[in-house]
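Below are the chains, spelled out letter by letter.
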Amino acid sequence: MQTEVKKPIRKHLQASFQRIQKEVTMAKKVAVIGAGASGLVAIKTCLEEGLEPTCFDRSNDIGGLWRFNDDPEDGRASIYKSVIINTSKEMMCYSDFPIPADYPNYMHNAKILKYFRMYAEHFHLMDYIHFKTSVCSVTKCPDFTTTGQWEVVTEREGKQESAIFDAVLVCSGHHTNANLPLDSFPGIEKFKGRYLHSREYKGPEAFQGKRVIVIGIGNSGGDIAVEISRTAEQVFLSTRRGSWILNRVSDYGYPLGMLSSTRFFRTVKHVLPVSTSNWLAERKVNRRFDHANYGLKPKHRLFSQHPMVNDDLPNRIIAGTVIVKSNVKKFSETDAIFEDGTLEKNIDAVIFATGYTFDFPFCDELKVNNNKVSLYKYTFLPELEKQTLAVIGLIQPLGAIMPISELQVRLATRIFKGEKLLPSASDMKDDIRKKKEAMVKRYVCSQRHTIQVDYLDFMDELAELLGVKPNLWNLLLSDPKIAWHVYFGPCTPYQYRLTGHGKWDKARETILTQWDRALKPMKTRTVDTSGDNSIIPLVVFGFVLLLAAIFYF
Ligand code: FAD
Ligand code: NAP
């Protein structure tokens, strides 16, 4: 009797096991190139979608750019020891893994790496990464038009291996190759001092007591000029077009992105003429310090350039330790002559904070021309017969890269699974063309402005394809409180986990508590605010005003 009951159960279990086994063995294999911020979320999302990821990173650990090393490593981005991120924690985290409440809003690179380690540990990602393994080539298999498969050749300790993958996620970063435009600086070959790219800069020690020129006014140039100027004899910050400077610490001390990246402000910005938005933003930053008086005012408008975020630069300029100069016209053995005809003598060092170029030497399909690519949503190649390759994180947002990489990966993995979420090839090409035209119209011509995206707009574009963009009207009817936060509050990544595929149960609660997490790390001392709202000063002020009016008339 007993065996008779057990038999069907065993049979059923066996069938289920075989089905699961079949599903596992049939899981599509995905190669993930790079284990930085984009690669980690790529592995995690593949696992969630039932795909089988294999990640290769040429380095010996995770973190990509955010893992500081004393010496720059070939093929991996390299940062200086003091780098503090300029995107705040609530805006830069992965959408279902908030950064701990006690972490600062703007984190030092070591803390960012710690967050990535927590993420990798929590989602068990390390088992899928092959370190010290470079991807040498990614080529279409001969039967690509039917299978969409790729041959990936890797190299580890001088030994090459080849494997076939059903799909590839390219997460190799775009801040690795130094742009060192020596041709634009005649005489540099005769210059007897030291010159280097910001990629090689690690800290200020070597520049103590020296006269240093920093060329380029991106975020690297600003950070490095400020840091060196504390101990150098003199720092000159040379720029060919100037820059508007934004602050991490915004109104009332709140993080900039949390105030500016809201759906409400986006509506206002879209309604206003561009010139008015520029005028308002420029007025605001000029109220802190007049950019013309500080030698920084560019000819272009504020929204026409990737912004510099630097709270310290005006302090260093007003203290005279940083002097803003025009572009360098030429160098002699010891001096620099600037385009405005001025001369600075006895220069010890020149730091080229002149940005980066990027390419994909391992994949012929991914063509790059002067930092320009033709990818739909900076992710997909429209002309591919099978959509089994996606580039992740190849964007320069006015905001954080990480949540955008996450949405790109969420979209790509579903496409790899066969869902038809992309428009036709001709529509994709049309979108690429329109984006290029819009970029040329909006931004000053520079090779740093080729993959610019607006954080909120771009996240919404990806989310729309994916079907996870929050629907404000539905929210308003079903949950007015969250609708209010989604529209007027910061567009934090959790918004894209409220509905649809990949919905996260804690998204609502995490949105409602985002300001608590933002304020927690600063509230380290109990402060008595009970008297702050007293109306007595207002009454006294009104009374004095009244007296003044009586006496006057
Ligand atoms: P990366 O972090 O560059 O990682 C790429 C990984 O791919 C590396 O580990 C590399 O070893 C590996 N790899 C590359 N090629 C191969 C290959 N052929 N085979 C195997 N492995 C390979 N972004 C922000 O959002 N906010 C900020 O405030 C911010 N600050 C920045 C500060 C500095 C100084 C710089 C330079 C950049 C900053 N960025 C910032 C941009 C930065 O690129 C992203 O934050 C983020 O690091 C991108 O992650 P990623 O994984 O796409 O690329
Ligand atoms: P970048 O943004 O590309 O800036 C490069 C600068 O060099 C620009 O001012 C550019 O001027 C100038 N330049 C380039 N070629 C030149 C030439 N031939 N002659 C004169 N000037 C030249 O590079 P970056 O500052 O290294 O920043 C790279 C990325 O890292 C950005 O996304 C940035 O936001 C990020 N970053 C963040 C932090 C942080 O979070 N703390 C710190 C550093 C960097 P034009 O504008 O005229 O081209």
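So, here's what we can say about the structure. Since the structure is predicted, the reported quantities are computational estimates derived from the model, not experimental observations. Residue positions are given per chain, counting from 1 as you read along its sequence in written order. A letter from A marks each chain and a number from 1 marks each ligand, given out in the order of writing. Whole-chain, interface and lining totals are the exception, using all residues; otherwise, since this is a predicted model, local features are given only for residues with pLDDT of at least 70 and side-chain atom pairs are given and counted only at 80 or more. Only heavy atoms go into the side-chain values, all of them from the structure, while hydrogens and water stay out.

### Some details on the overall build of the protein
The condition that has to hold: Secondary structure elements follow DSSP: runs of H or I no shorter than four residues count as helices, runs of E no shorter than two count as strands, and numbering proceeds from the N terminus. The contact rule is simple, with two residues in contact once any of their heavy atoms fall within 4.5 Å.
Looking only at helices and strands, the protein features 18 helices and 22 strands. Projected onto its principal axes, the C-alpha positions of the protein cover 105 × 70 × 45 Å. Counting contacts in the protein only where the partners sit at least 6 residues apart, residues at least 24 apart contribute 68% of the total.

### Considerations on the site of ligand 2
Keep this limit in mind: The rule for a residue being near a molecule or strand is that one of its heavy atoms must lie within 4 Å of it. Polar contacts, as counted here, are pairs of nitrogen or oxygen atoms within 3.5 Å of one another; within protein the pair requires one atom able to donate a hydrogen and one able to accept it, and residues that are adjacent in sequence qualify only if both atoms are side-chain atoms. Areas reported as accessible are Shrake-Rupley estimates using a 1.4 Å probe. Residue values count occlusion only from the protein chains shown. Note on residue categories: nonpolar means Ala, Val, Leu, Ile, Met, Phe, Trp, Tyr, Cys or Pro, charged means Asp, Glu, Lys or Arg, and polar means any other residue, Gly included.
Among the 27 residues in the neighbourhood of ligand 2, the closest are listed as S220, R240, R241, Q396 and S446. A distance of 3.5 Å is found between a nitrogen atom of ligand 2 and a side-chain nitrogen or oxygen belonging to R248. A distance of 3.1 Å is found between an oxygen atom of ligand 2 and a side-chain nitrogen or oxygen belonging to H306. Here ligand 2, which alone exposes 910 Å², has 89% of that area covered by the protein. The element best represented in the shell around ligand 2 is helix α6 (residues 219-229), accounting for three residues. Each residue belonging to the shell around ligand 2 can be placed in one class, and the counts come to eight nonpolar, 14 polar and five charged.

### Section: the site of ligand 1
Around ligand 1, the surrounding shell holds 28 residues, and the nearest of these are S38, D57, L65, I85 and I401. A37 is positioned with one of its backbone polar atoms (N or O) 3.0 Å from an oxygen atom of ligand 1. Contact distances for ligand 1 include 2.9 Å between an oxygen atom and a side-chain N or O atom of N86. Protein burial of ligand 1: of its 990 Å² of free accessible surface, 93% is covered by the chains. Listing elements by their share of the shell around ligand 1, those giving two or more residues are α2 (37-48) and β4 (133-140). No other element matches the three residues that β4 contributes to the shell around ligand 1. Grouping the amino acids of the shell around ligand 1 by side-chain chemistry returns 13 nonpolar, 12 polar and three charged.

### Looking at helix α13 (residues 455-466)
Applied cut-off: Residue count minus one, scaled by 1.5 Å, sets the expected span of a helix. Per-residue accessibility, obtained with a 1.4 Å probe over protein chains only, is compared with the maximum for each type, and a residue is labelled buried under 20%, exposed over 50%, and partly exposed between these values.
Between the first and last C-alpha of α13 there are 17 Å, a value that for 12 residues agrees with the 16 Å anticipated at 1.5 Å per step. Burial runs high along α13: nine of the 12 residues are buried. All of the buried residues along α13 are Y455, L456, F458, M459, D460, L462, A463, L465 and L466. Tucked into the core, α13 has its buried residues touching α3 (89-92), α8 (263-271), α11 (402-416), α12 (425-442) and β22 (452-453). The positive-phi residue at the C-terminal boundary of α13 is G467, with phi of around 80°.

### What about the sheet that holds strand β5 (residues 150-156)?
Defined as follows: When DSSP finds at least two bridges between two strands, those strands are taken to pair. Simply put, an axis is a line fit to the C-alpha atoms, just over the touching stretch for a helix, and the angle between two N-to-C directions goes from 0 to 180 degrees.
An order of β4-β5-β6 is seen for the three strands of this open sheet, with the pairing classed as antiparallel. Every other strand in the sheet has two partners, leaving β4 and β6 (159-165) as the edge strands with one partner each. Ignoring which end each strand starts from, the neighbouring axes of this sheet average 25° apart. Inspection of the sheet shows β4 paired to β5 by seven bridges, in the antiparallel sense. Looking at the pairing, S134 lines up with E155 of β5.

### So, the side chain of T133
Within the secondary structure layout, T133 lies in strand β4. Beyond its immediate chain neighbours, meaning those up to four positions away, T133 contacts F56, D57, R58, T154, E155 and R156.

### Re the pattern of salt bridges
Which entries qualify depends on this criterion: Put simply, a salt bridge is a Lys or Arg side-chain nitrogen that is within 4 Å of an Asp or Glu carboxyl oxygen.
Applying the stated criterion across every chain yields a total of 35 salt bridges. Here R156 and E157 are joined by a salt bridge, their closest N and O atoms 3.9 Å apart. Looking at E157, the relative accessible area reads 68%, which means it is exposed. For K434, the salt bridge goes to D430, with nearest N and O atoms at 3.5 Å.

### Structural notes on the nonpolar core
Spelled out, the test is: Put simply, a nonpolar core is a bunch of buried Ala, Val, Leu, Ile, Met, Phe, Trp, Tyr and Cys residues held in one set by side-chain atoms that sit within 4.5 Å of each other.
Counting 128 residues, the largest nonpolar core has Y94, V138, L169 and L389 as its most contacted members. Among the nonpolar cores identified, the runner-up in size contains 13 residues, and I215, V328, I347 and F352 belong to it.

### Structural notes on the packing of α8 against α13
Test applied: Angles are sorted into four bins: roughly parallel if under 35 degrees, roughly antiparallel if over 145, roughly perpendicular if 65 to 115, and oblique for all others.
Taken N-terminus to C-terminus, the directions of α8 and α13 make an angle of 105°; their axes are 10 Å apart at the nearest point. In terms of orientation, α8 lies roughly perpendicular with respect to α13. Contacts from R263, R266 and H270 of α8 reach α13 at L456, D457 and D460. When the residues that make up the contact of α8 with α13 are grouped by side-chain class, the tally is one nonpolar, one polar and four charged.

### Regarding the sheet that holds strand β7 (residues 167-170)
Sheets are built from strands that pair by backbone hydrogen bonding, the pairs being arranged parallel or antiparallel. Taken in spatial order, the five strands make up an open sheet running β3-β2-β1-β7-β20, and their pairing is parallel. On the outer flanks of this sheet lie β3 (129-130) and β20 (389-391), each paired with one strand and no other. Alignment of strand β1 (residues 29-33) against strand β2 (residues 52-56), held across five bridges, turns out to be parallel. Pairing of V30 across the sheet is with P53, part of β2.

### Quick notes on the packing of aromatic side chains
Stated precisely, the cut-off is as follows: Note on ring pairs: Phe, Tyr and Trp rings are taken, using the six-membered ring of Trp, and paired if centres are within 6.5 Å. Classes follow the plane angle, with under 30 degrees stacked, over 60 edge-to-face and the rest tilted.
With the rule as written, the count across this model stands at 26 aromatic pairs. Where F360 meets F362, the ring centres are 6.3 Å apart and the plane angle is 85°; that geometry is what we call edge-to-face. The burial state of F360 is the same as that of F362; both residues are buried. Here the aromatic cluster, defined as three or more aromatic residues joined through ring pairs, consists of Y94, F97, Y115, F116, Y119 and F123.

### Notes on unusual backbone geometry
Notably, N370 is not glycine yet its phi reads approximately 50°, a positive angle. Its place among the elements puts N370 in the loop between β19 (356-357) and β20. Residue class for N370 comes out exposed when judged on its relative accessible area of 56%. Positive phi, normally seen in glycine, also occurs at Y378, with a value near 55°. Structurally, Y378 can be placed in the loop between β19 and β20.

### Describing the environment of R117
Within the secondary structure, R117 is located in helix α4 (residues 109-122). For R117, a relative accessible area of 34% gives the class partly exposed. With 55 residues separating them in the primary sequence, R117 and I62 have C-alpha atoms 7.7 Å apart. Once you skip the residues sitting within four places of it in the chain, R117 turns out to touch D61, I62 and R67. Within polar-contact distance, the side chain of R117 engages the side chain of D61 at 2.8 Å.

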